[in-house]
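Okay, here's what each chain looks like letter by letter:
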Amino acid sequence: MDYSQFLAMKQEIGLLVVFVLIFLNDTFLPARAQGSIGKICVLLFGLFTAWGLAMGLCPEACSHDAVLAFSGMYETSPVILNIKNILNVGALIVMIQGLRWADQEMIRIRRGEFYELLLITLFGMYLMISARHFLLFIIGLETASLPLAAMVAFDKHRYESHEAAVKYILTAVFSSAIFLMGLSFVYGLTGSLYFSKIGAAVAAGSGIDLVGLIIALAFVISGMGFKLSLVPFHLWTADVYQGAPTPVTSYLSVISKGSAAFAFLVILWQVFGEIYSEAWEWMLYALIIITITVGNLFAIRQRNMKRFLAFSSISQAGYIMLGVIAFNNMGLSALMYYILVYIFSNLAAFGVIGAIENATGKVSMDNYNGLYKTNPRLAFTMMLAMFSLAGIPPFAGFFSKFFIFTSAINQGSVAIYILVLIALINTIISLYYYLLVVKAMFINQEDGGIASFRSACSERVAMWICVAGIIFLGIVSCFYNHLLTIAGA
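Residues numbered from 1 in each chain as written. Predicted model: local features only at pLDDT ≥ 70, side-chain atom pairs only at ≥ 80, totals over all residues. Heavy atoms only, no water.

**Considering the packing of helix H1 (residues 10-28) against helix H4 (residues 111-130)**
Interhelical geometry of H1 versus H4 gives an angle of 165° and a closest axis separation of 10 Å. Classed by the angle they form, the pair H1 and H4 counts as roughly antiparallel. As H1 runs across H4, the sense of the crossing is left-handed. Judged by residue contacts, Gln-11, Glu-12, Leu-15, Leu-16, Val-18, Phe-19, Ile-22, Phe-23 and Asp-26 of H1 engage Gly-112, Glu-113, Glu-116, Leu-119, Ile-120, Leu-122, Phe-123, Tyr-126, Leu-127 and Ser-130 from H4. A breakdown of the residues in the contact of H1 with H4 according to their chemical character gives 12 nonpolar, 3 polar and 4 charged. (Axes fitted to C-alpha atoms, helices over the stretch in contact; angles between N-to-C directions. Helix = DSSP H or I, 4+ residues; strand = E, 2+ residues; numbered from the N terminus. Parallel < 35°, antiparallel > 145°, perpendicular 65-115°, else oblique. Left-handed = near helix turned anticlockwise from the far one by under 90°. Contact = heavy atoms within 4.5 Å. Nonpolar A, V, L, I, M, F, W, Y, C, P; charged D, E, K, R; others polar.)

Given below as structure tokens:
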């Protein structure tokens, strides 16, 4: 075995180095120094993220070819490098947001475990994105999923956290079983688990039962649909988001969903691309329509802010899938840009929710009545997040929706025009329920709401980063141009 192949896994090795350093600090630091473990993790991971961004944003990165390792089971390329960088930015914000929560008395003794579990799940997501063989993909999928169940159950003194963890682990196991069932059909039909070989066998079409392949693909889409919270595979989402600690909920809503979307795109394009129009185009049309619609309609009814954002994230998953259905380079760049904007917008909202929950324990939308009078900066941050998620110009969310709609329409079929029209109509519904939060903060009369308080420094820093991302990603075009360049290359 040529061990030099491991040099292709620069980001994975860098992440493992950060994990080992955090683990050693958590294990051997004296008790009086344990309070610094969160800051050490943020510092180390921040340096790692900066290193990855420096590699991904340099002009030479766009000209590099894809590198294969381990007989083609693993691949890295400029696109993959930047996808991992996007996930790193979100994970860093979550770490910063979670500093105050991890310093609570009941969590303090286990805070090192929180950061270690987070890094391990991120490592699994790296493997999912770089995998070009389904065995490696499954290893990455389970590495990303199982520690998340422990993170959901991290607040062991709350019944809701236990319930959420049970629902999540059962759903994760069930979805993995469905996914593996689909893979067994694919292997039986093509005789391989390599993405490229399966794609070549599907393209050749000789001796392959198309009906059996479509059934196998339906199982694969169903298994990945659970990870993405696509309707009708979404029923776990609201309960898990509500029961999990808020930093874990924010991590689930953006990082886990983003990595699953990227991995799903790779599987559909590279493995089943040759049967795009015959099979999965129409499957995704139906999933996108019902996901966006059901997510929007149920979000209107929610009063708990975490459940509210859970159904909002279900709807957003439908918009994310428009980048997959586009089946072109613009769709890939639009998907990357959309998830980057979604990270800043959603984490800004969860940052406000987490700050208020840590200070007051309140998570109901009714508690936000008159928030502008008592905590104007938090209200302003939440307003920007809602405007961006709704797609109101000139904030970044407007441009992310514009690019992803444009990438889908470039396909040119009548069906895609109808699909985009339905998605546009749904943005009006989403505008209504996002503005309900803004109305509560700025218009509704204060009635036993949230008293004035000062959020922690770490919470303010995380919200400043998110606000900067929401504003500048909407007006600085070089971000999208860079993603479009590497997607085309």
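**Considerations on unusual backbone geometry**
Glycine aside, residues mostly have negative phi angles, and peptide bonds mostly take the trans form. Omega for the bond connecting Val-231 with Pro-232 falls within 30 degrees of zero, at 10°, which places this linkage in the cis form. Among the secondary structure elements, Pro-232 is positioned in the loop between helix H8 (210-228) and helix H9 (237-243). For the bond running from Pro-393 to Pro-394, omega is 10°, close enough to zero to count as cis. Despite not being glycine, Phe-70 shows a phi value in the positive range, around 55°.

**Quick notes on the nonpolar core**
Buried together is how nonpolar side chains tend to be arranged in soluble globular proteins. Of all hydrophobic cores here, the largest spans 180 residues; its most connected members are Phe-137 and Trp-280. By residue number, the principal contributor to this core is helix H13 (residues 329-360), which donates 20 residues. (Core = buried A, V, L, I, M, F, W, Y, C linked by side-chain atoms within 4.5 Å. Buried < 20%, exposed > 50% of the residue type's maximum accessible area, 1.4 Å probe, protein only.)

**A few points about the packing of aromatic side chains**
Enumeration over the complete set of coordinates arrives at 27 aromatic pairs. Centre to centre, the rings of Phe-45 and Phe-48 are 5.7 Å apart; their planes meet at 45°, and the pair counts as tilted. Taken together, the residues span about one helical turn, with Phe-45 and Phe-48 both in helix H2 (residues 37-57) at a distance of 3 residues. Plain terms: the ring middles of Phe-398 and Phe-399 are 5.1 Å apart, the flat faces sit at 80° to each other, and that makes the pair edge-to-face. By the ring-pair criterion, three or more aromatic residues cluster together here, those being Tyr-337, Phe-398, Phe-399, Phe-402 and Phe-403. (Phe/Tyr/Trp six-rings, centres within 6.5 Å; stacked < 30°, edge-to-face > 60°.)

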